[in-house]
Amino acid sequence: MDRQKLIANNKKARHDYFFEETYEAGLVLTGCEIKSVRGGGVNLKDSYAKIEKGEVWVHNMHISPYEQGNRYNSDPLRPKKLLLNKVEIRKMEQAVTVKGLTLIPVQLYIDRRGRAKLELAVARGKKLFDKRADIAKKDAARDIDRNMKNRGREE
């Protein structure tokens, strides 16, 4: 994936979910929304995606109103349609219905051609002990890095 400019990253998703598979999807946005996206006014924190009537929609993705947009601004939390292939939608639908997984937006970026793209993950929720194990791994890695950095200073 050729990513040119990262707009928003969903850090909470990496903490709360295991990602099984990721997909790149285009977004159907209005003119004021894409200008606000390019300005960085996006929040993916509590967003999720649903499959409705063979189409994928992202909900709770907040796009701030464009300052110069006046009456052309739309609702910041309106559901936005994602552009995916039928085969990809079928695979996601099967994972969601059969395996009980969820669709989580991971990050939003502008590609080389200037189009907004959303990385969507088919994810399985983490249990509390999984989160604790991840935190313990990060702490151990941080301690090792700190000790390696300070190793040459002891004289």
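Model, not experiment: these values are computed from the prediction.

Undergrad: When you look at the pattern of salt bridges in this model, what are you seeing that I'm missing?
TA: Side chains that differ in sign of charge can pair as their charged atoms come close. Counted by the stated rule, this structure contains seven salt bridges. In this structure, Lys-12 engages Asp-46 in a salt bridge whose closest nitrogen and oxygen atoms are separated by 3.7 Å. Here Asp-46 lies in the loop between strand 3 (42–43) and strand 4 (48–52) and Lys-12 lies in helix 1 (residues 11–16), a separation of 34 residues in the sequence. A relative accessible area of 48% places Asp-46 in the partly exposed class. Residue Arg-78 is joined to Glu-33 by a salt bridge in which the shortest nitrogen-to-oxygen separation is 2.6 Å. One end of the pair, Arg-78, is in the loop between strand 6 (62–63) and strand 7 (80–83); the other, Glu-33, is in helix 2 (residues 31–38), with 45 residues separating them in the sequence.

Undergrad: Would you take a moment to explain the nonpolar core for this structure?
TA: For soluble globular proteins, nonpolar side chains are generally found buried alongside one another. The biggest cluster of nonpolar side chains holds 27 residues, and the ones touching the most others in it are Leu-27, Val-37, Val-42, Met-61, Leu-82, Leu-108 and Leu-118. At the level of elements, strand 1 (3–9), strand 2 (17–27), helix 2, strand 5 (55–59), helix 3 (86–98), strand 8 (102–111) and strand 9 (116–125) are the ones that each hand at least two residues to this core. In terms of residues, this core owes the most to one element, strand 9, which gives four residues. With sequence-adjacent residues up to four places away left out, Val-37 is seen in contact with Ile-7, Leu-29, Val-42, Ile-63, Leu-108 and Ile-110.

Undergrad: How do you make sense of the pairing of strand 4 when you look at a structure like this?
TA: Remember that side chains alternate between the two faces of the sheet whenever the strand is regular. In this sheet, strand 5 lies alongside strand 4 in antiparallel orientation, the contact comprising five bridges. Paired with Glu-52 across the bridge in strand 5 is Glu-55. The turn joining strand 4 and strand 5, which pair antiparallel and follow one another in sequence, is formed by two residues; a positive phi near 55 degrees is taken by Lys-53.

Thresholds applied
Residues numbered from 1 in each chain as written. Predicted model: local features only at pLDDT ≥ 70, side-chain atom pairs only at ≥ 80, totals over all residues. Heavy atoms only, no water. Salt bridge = Lys/Arg side-chain N within 4 Å of Asp/Glu carboxyl O. Helix = DSSP H or I, 4+ residues; strand = E, 2+ residues; numbered from the N terminus. Buried < 20%, exposed > 50% of the residue type's maximum accessible area, 1.4 Å probe, protein only. Core = buried A, V, L, I, M, F, W, Y, C linked by side-chain atoms within 4.5 Å. Contact = heavy atoms within 4.5 Å. Pairing = 2+ DSSP bridges.

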